[in-house]
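# Geometric and topological summary
Next come the chains, spelled out residue by residue.
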Amino acid sequence: MELLGQNEVERRQRKVLILSQDSFYKVLTAEQQGKALKGQYNFDHPDAFDNDLMRATLKNIVEGKTVEVPTYDFVTHSRMPDTTVVYPADVVLFEGILVFYNQDIRDMFHLRLFVDTDSDVRLSRRVLRDMKRGRDLEQILTQYTTFVKPAFEEFCLPTKKYADVIIPRGVDNMVAINLIVQHIQDILNGDICKWQRGAVNGHGRTYKRPFSEQAESSSVLAAGKRSHLESSSRPH
């Protein structure tokens, strides 16, 4: 977003936007929230996400509609009453650890990117992030060994096979990032009018699809043309 110059553009006028799968965590019951506050709830399982709402939101985005995306509080593990308004854009990047897990959502993406980050780096980032959120080290490590690592190996890592592009070293891989930036810029300039898996409908609208970071894991989504019509690290 920074290299494309989109961070400086007013939200309503942006041609590229980023959405996170993390916004679609389910509303927890009182019992589940109690477990979450103790680090005993598995936020890395596919069932932790409101996939119906996610699917409906992405469908509306592809159709060029303005949508309201949930706001999630990662400290209290709860969905906030306020939502974020997302306006139509030419390209939408959709990132998250399990964006390739469900086929009906996975098939919406025109380009799938898998950011492959070293396990030690993932763990160190997680520890530093969660400690800033007020969690103690023992709870962080227990949650990691009990839920995060097993879920990564069972649910996230196998989706790597669905990626069109695998990006090692994450944010440090500037060669890969610059290639993606140039690809998106070509789309915005109209130099790329059709995606390999995309289709042009009867109204002449070109669709594009989402992006994901695996660390963790990641995915990319893109939307319809504006004329017809935020990246976060893993929270838990």
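Quick caveat, the model's predicted, so the values are computed rather than measured. (Residues numbered from 1 in each chain as written. Predicted model: local features only at pLDDT ≥ 70, side-chain atom pairs only at ≥ 80, totals over all residues. Heavy atoms only, no water.)

## Considerations on helix H5 (residues 137-156)
Taking 1.5 Å of rise per residue, the 20 residues of H5 would be expected to cover 28 Å, yet its terminal C-alpha atoms sit only 24 Å apart, more than 12% below that figure. Taking the largest bend as the criterion, H5 deviates by roughly 45°, centred on Tyr 144. Those residues of H5 lying buried are Gln 139, Ile 140, Gln 143, Tyr 144, Phe 147, Val 148, Ala 151, Phe 152, Phe 155 and Cys 156. The backbone nitrogen of Glu 138 has a side-chain oxygen 3.2 Å away, supplied by the residue at the start of H5, namely Asp 136. (Helix = DSSP H or I, 4+ residues; strand = E, 2+ residues; numbered from the N terminus. Expected span 1.5 Å × (residues − 1). Bend = angle between axes of the 7 residues up to and from the residue. Buried < 20%, exposed > 50% of the residue type's maximum accessible area, 1.4 Å probe, protein only. Polar contact = N/O pair within 3.5 Å; in protein donor to acceptor, adjacent residues only side chain to side chain.)

## Some words on a nonpolar patch on the surface
On the surface, a nonpolar cluster with roughly 250 Å² of combined accessible area is contributed by Met 131, Leu 137 and Leu 141. Position of Leu 141 among the secondary structure elements: in helix H5. Take Leu 141: its relative accessible area is 36%, and that puts it in the partly exposed class. (Patch = residues over 30% accessible without salt bridge, like charges linked within 9 Å, V, L, I, M, F, W, Y side chains within 5 Å. Areas by Shrake-Rupley, 256 points an atom, 1.4 Å probe, with all protein chains shown as cover. Salt bridge = Lys/Arg side-chain N within 4 Å of Asp/Glu carboxyl O.)

## Re the environment of Lys 26
Secondary-structure assignment places Lys 26 in the loop between strand E1 (16-20) and helix H1 (30-37). Residue classification places Lys 26 among the partly exposed positions, given a relative accessible area of 36%. Between the C-alpha atoms of Lys 26 and Asn 51, which are 25 residues apart in sequence, the distance is 8.7 Å. Ignoring anything within four residues of it in the chain, the contact list for Lys 26 reads Asp 47, Ala 48, Phe 49, Asp 50, Tyr 72 and Arg 79. (Contact = heavy atoms within 4.5 Å.)

## Observations regarding the environment of Glu 138
Its place among the elements puts Glu 138 in helix H5. Residue Glu 138 is classed as exposed on the basis of its relative accessible area, which comes to 63%. Sequence separation between Glu 138 and Val 127 is eleven residues, and the spatial gap between their C-alpha atoms is 9.9 Å.

## So, the pattern of salt bridges
Across all of its chains, the model carries eleven salt bridges by this definition. Ionic pairing is found between Arg 135 and Asp 130, a salt bridge with its closest N-O pair at 3.5 Å. The two residues Arg 135 and Asp 130 agree in class, both being buried. Here Lys 149 ties to Glu 153 by a salt bridge, and the two come within 2.7 Å at their closest N and O atoms. Of the two residues, Lys 149 and Glu 153 are both situated in helix H5; the distance of four residues between them amounts to about one turn of the helix.

Spatial relationships are all this shows, so hold off on functional conclusions.
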